[in-house]
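Okay, here's what each chain looks like letter by letter:
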Amino acid sequence: MEMKSASFLFKKIWPAIVIFLILTASFYAYVASEEKVKRMYDQRLDALNLANELRQSSDELTRMVRTYVVTGNLRFKEYFQEILDIRNGDKPRPVHGSFIYWDFVVAGMPLPQAGDSRKVSLLELMRQSGLTDSEFDKMQESKTLSDNLARLEFGAMRLIETAEEADIESARAKAIQMLHDENYHQAKAAIMMPIDEFFHLMDARTQAAIVAADDHVLVFRILFMATSLWVVFMILRFSRTLFMTLGGSAQEVHTVIQRIGKGDFTTKTPIESGMESSVLYGLLELQEELQVREVERKESEEELRIAAICFESHDGVMITDAGSVILSVNKAFTDITGYTAEEIVGKTPHILYSGRHSEEFYRDMWSSIARTGHWYGEIWNRGKDGELFSKWLNITAIKTNDGAVTHYIGMLSDISEYRQAQDKIRKLAFFDQLTDLPNRFLLTERLKQVLNAADRTKNHYALLFIDLDNFKSLNDTLGHNMGDLLLKQVAQRLSMCVRKEDTVARLGGDEFVVLLMNLSDNAKDAIAQAGTVCKKIISVLNQSYQLNDSSFRCTSSIGVTLFSDHQYPVENLMKQADLAMYRSKEAGRNTFHFFDPEMETVALKRSIFEKDFLAGIEANQFILYYQAQVTHNLQAIGAEVLLRWQHPHYGMMLPGDFIHLAEETRAMLPLTHWIIETACNQLAKWHNQPGFSHLTIAVNISPQQFRQHDFVDQVLDIVKKIGINPRQLKLELTECSLIHDADEVIDKMSALRSAGVGFSLDDFGVGFSSLSYLKRLPLEQLKIDRSFVRDVLTDSNDASIAKAIIMLAGNLELGVLAEGVETEEQLNFLLESGCYSYQGYLFGKPLPIESFEELVQRNFFLNHP
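1. Considerations on the environment of isoleucine 176
Topologically, isoleucine 176 is positioned in helix α6 (residues 168-178). By relative accessible area, isoleucine 176 is classed as buried at 2%. C-alpha separation for the pair isoleucine 176 and valine 69, spaced 107 residues apart in sequence, amounts to 6.6 Å. If we skip the residues at most four places from it in the chain, isoleucine 176 touches Val69, Val70, Ala421 and Lys424.

See below:
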């Protein structure tokens, strides 16, 4: 009977057992689907971590190269190369694959060691992580952009390494600019764009997989619910038999199944003790398991979404919800602000409000975030200790696919490197790199401030323009290093000569400027005060300088301009002091002069003249006149070319009206070159003109032109280019051309003389040539000055001098030519005294070339003597 009852019970129970098995299978299928979703999240997180390593390594490279450029410490360049080698698989990866080197470098801790000897590139790890081709292409694109940026950073380092020692600071400034300019930041931003696209691709793929997994879960839920309904049906039929199996009433089981089907895993149903093996107990366990899985899934999804945008780094990170309530912060954020995570989570960023920014500042910030999704800039915050601090803040809005904001990510970055770079740039912009004195730009700014203040205070101020005398000779003899050492000592001495409120600046070269502040409101007293300072400066600078093993003396010339109001702009004051300084140079140097308005008038005229002069050369306003040179038997032997200026406003100007100023302004140099070239072209024309081929042309050479280091090459190049006989070109020098550096003069003359070019000493007798010096010169001819010829018949002294010159020329075996011969009586006197070559109005005035040729053909013998 008992066996029949058991058999009957088994027959009644076995459908329930089958259903329970189906429920169990559905549960495990559901769990397997959830495990599949979790595996996808893990795979996704691994890929994102690798992407983070790529971004982090790029950031570490930037920090290393910037620090190396600023400090020059090779340790940072070695770290730079090591990071590249690890990323490219040329070196084993560090423990945990970390690229975060900077924190170790700053803290002075040992760098992470390789975990094993395995060498694998970051791209290969990405390939092995199961990325799709499109996802891998994005990471490969970002890696390529990062490598391109690394090459640019190598270029910045090479600027420092290849720069000459004198240019190192300029190269460093340029390298710093390269690593902080807009192009560099755009290149950094470009690296993140493929990573962002990678995140979107990853999101799309995993979301699709999650949807598919959710569909599977739904199927199993439906299956589960259907099976559960079947169980309910069975329970209704076999309630007494299945009560112990179910563990409760059918209604209770049904309620639990509905909750599970709807995704309600939190509401619990109490169960009697002893029902641990019942279906209801199993359902409750399933409900608890599903609750844990659901919580884990939501947390993983949320953390993964946040991790895809914001990674833990040395920058401070704050995450808020859409209402700006702080959800989490990283350790760097707590270190920066002083608040612990527990103290700040749940608050708003207003807790950091500094009071340094206006409401408009914050309105513009949030307007930018609403419009573009991000904002970045420097911001002042207040820490827990009440201290204000400045950081670079980058805010990014996190949005859903439909554009709704879910979170805000704020990143606080250290800007100390940026500040240091700014300070470095400021020093390069405002201070002289050799002496550390203010440069021209900073001096100009201070002068502008003084001029604005002068209108209010009515005090006098003085601007001193200081130029070292003969500084060039120091550079030429002892070298530029010694010159730099002298300039440093001059800067130190000048700084000791003035008060703290005064300014000592270096304009460049050997030019310094001193700005004397708040002198007396009485002009005479102010002049006396400025003069006292000038005397002190001249005395101090005149003392001996010890330049390593050499002792050197250097005087100075000072120009002073006094001002008390805004009457003159800064540029005019500098010009006034400069003009006064040149007056000191002209007065013999080692002295000082105050500016006189007459100086400015002269300088203005000189400036206008120089401009007209150079324009005249370009416009072909200069022409050459020719004055005949003949022998006693009226044989034409040559001509002297004389310059004329056809000025558009002043008409025909003689050399006496402009030559002196032309030589002072150096405008004479290009003109003399043109004169020589034009004269040689005329000789070339005469070469093929019957009766003129034997003529010579004499060209006056200014002392300034003759002292040019390449004067010999200039003349020989013209002669060679035009192709004339150099023996027909005669250069006329005055005695003042010969009094500087006798050996150099003789070398230049000898070089030209050996090539065939002749020399004539013009205006002989009016200078101070010594006979011992004269006999060393490779001259061809002496010219008797017209001042002696004019009075040879009425002044016995002039007659004696003329005869002496003729006799001296004969003794030195030199030709002699008399200038300014205007009468037959003068000609007869010269002829009787032994002079047989002449030039003057008696034979013809200076004429244009056409008139000159007509005169020669009409009045003189043209056959070769």
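2. Re the packing of helix α22 (residues 668-687) against helix α24 (residues 711-722)
Orientation of α22 relative to α24, taken along the N-to-C sense of each, is 30°, at an axis distance of 10 Å. Classified by the interaxial angle, the pair formed by α22 and α24 is roughly parallel. For α22 against α24, the interelement crossing comes out right-handed. On α24, the residues that touch His673, Ile676, Glu677, Cys680, Asn681 and Ala684 of α22 are Phe711, Gln714, Val715, Ile718, Lys721 and Ile722. Taken together, the residues of the contact of α22 with α24 break down into seven nonpolar, three polar and two charged.

3. Considerations on the packing of aromatic side chains
By the definition in use, this model includes 20 aromatic pairs. Between phenylalanine 361 and tryptophan 375 the ring centres are 5.8 Å apart and the planes differ by 85°, which places this aromatic pair in the edge-to-face class. Residue phenylalanine 361 is found in helix α13 (residues 359-372), and its partner tryptophan 375 is found in strand β3 (residues 374-382); the two are separated by 14 residues along the sequence. Of the residues examined, phenylalanine 361 reaches a relative accessible area of 22% and is grouped as partly exposed. Among the residues examined, tryptophan 375 registers a relative accessible area of 12% and is labelled buried. Pairing tyrosine 461 with phenylalanine 563 gives two aromatic rings, centres 5.7 Å apart and planes at 20°, and the pair type is stacked. Residue tyrosine 461 is found in strand β6 (residues 460-468), and its partner phenylalanine 563 is found in strand β11 (residues 556-563); the two are separated by 102 residues along the sequence. Taking the relative accessible area as the measure of exposure, tyrosine 461 reaches 2% and is therefore buried. An aromatic cluster of at least three residues, connected via ring pairs, comprises Tyr353, Phe361, Tyr362 and Trp375. Its guanidinium or amino end placed over the ring of tyrosine 545, arginine 493 lies 3.7 Å from that ring's centre, counting from NZ or CZ.

4. A look at a nonpolar patch on the surface
A cluster of nonpolar residues, Ile17, Phe20 and Leu21, forms a patch on the protein surface that exposes about 270 Å² of accessible area. For phenylalanine 20, a relative accessible area of 36% corresponds to the partly exposed category.

5. What about the sheet that holds strand β12 (residues 592-594)?
Strand pairing in a sheet relies on backbone hydrogen bonds, with the paired strands running either antiparallel or parallel. Reading across the sheet, the five strands line up as β7-β8-β6-β11-β12 and stay open at both edges, with mixed pairing between neighbours. The open sheet has two edge strands with one neighbour each: β7 (503-508) and β12. Neighbour-to-neighbour, the strand axes of this sheet turn through a mean angle of 20°, independent of strand direction. For β11 and β12, the ladder comprises three bridges, and the chain directions are parallel. By the bridge assignment for β12, isoleucine 558 is matched with phenylalanine 592. Here helix α18 (residues 523-541) sits on the sheet in contact with β6, β8 (511-519), β11 and β12, set at roughly 160° to β11. Contacts between helix α19 (residues 570-586) and the sheet are confined to β6, β7, β8, β11 and β12, with β11 contributing the most and set at about 140° to the helix.

6. Brief notes about the nonpolar core
Counting residues in each nonpolar core, the largest one holds 80 residues, and the members touching the most others are Phe613, Val699 and Leu729. Counting residues per element, this core draws most heavily on α22, at eight residues. In contact with leucine 729, not counting residues within four places along its chain, are Cys680, Leu683, Ile697, Val699, Val715, Val719, Ile724, Val757 and Gly758. One finds Ala462, Leu468, Val504 and Leu516 within the second-largest nonpolar core, a separate group that totals 35 residues.

7. A word on the sheet that holds strand β2 (residues 326-329)
Taken together, the five strands give an open sheet; going across it, the order is β2-β1-β5-β4-β3, and neighbouring strands pair in antiparallel fashion. Here the strands that pair on one side only, and so sit at the sheet edges, are β2 and β3. Each strand axis lies, on average, 25° off the axis of its neighbour in the sheet, ignoring direction. Strands β3, β4 (388-399) and β5 (405-413) of the sheet are contacted by α13, whose axis makes an angle of about 150° with β3.

8. Brief notes about the pairing of strand β16 (residues 696-700)
Within β16, four of the five residues are buried, which leaves it mostly tucked inside the rest of the structure. Sheet analysis places strand β14 (residues 636-647) next to β16, joined by three bridges and oriented parallel. Opposite glutamate 640, over in β16, you have alanine 698 as the bridge partner.

9. Let's talk about the pattern of salt bridges
Enumeration according to the criterion identifies 26 salt bridges in this entry. In this structure, glutamate 359 and arginine 363 form a salt bridge, with 3.9 Å as the shortest nitrogen-oxygen distance. Placement of the pair is glutamate 359 and arginine 363 together in helix α13, with a separation of four residues, close to one helical turn. With a shortest N-O distance of 3.9 Å, glutamate 445 and lysine 448 are connected by a salt bridge. Of this pair, glutamate 445 and lysine 448 both sit in helix α15 (residues 440-457), three residues apart, which is roughly one turn of the helix. Bridged by salt links that share partners, the residues Glu640, Glu732, Lys783 and Glu819 form one connected network.

Cut-off values and rules
Residues numbered from 1 in each chain as written. Predicted model: local features only at pLDDT ≥ 70, side-chain atom pairs only at ≥ 80, totals over all residues. Heavy atoms only, no water. Helix = DSSP H or I, 4+ residues; strand = E, 2+ residues; numbered from the N terminus. Buried < 20%, exposed > 50% of the residue type's maximum accessible area, 1.4 Å probe, protein only. Contact = heavy atoms within 4.5 Å. Axes fitted to C-alpha atoms, helices over the stretch in contact; angles between N-to-C directions. Parallel < 35°, antiparallel > 145°, perpendicular 65-115°, else oblique. Left-handed = near helix turned anticlockwise from the far one by under 90°. Nonpolar A, V, L, I, M, F, W, Y, C, P; charged D, E, K, R; others polar. Phe/Tyr/Trp six-rings, centres within 6.5 Å; stacked < 30°, edge-to-face > 60°. Lys NZ or Arg CZ within 6 Å of the ring centre and 35° of its normal. Patch = residues over 30% accessible without salt bridge, like charges linked within 9 Å, V, L, I, M, F, W, Y side chains within 5 Å. Areas by Shrake-Rupley, 256 points an atom, 1.4 Å probe, with all protein chains shown as cover. Salt bridge = Lys/Arg side-chain N within 4 Å of Asp/Glu carboxyl O. Pairing = 2+ DSSP bridges. Core = buried A, V, L, I, M, F, W, Y, C linked by side-chain atoms within 4.5 Å.

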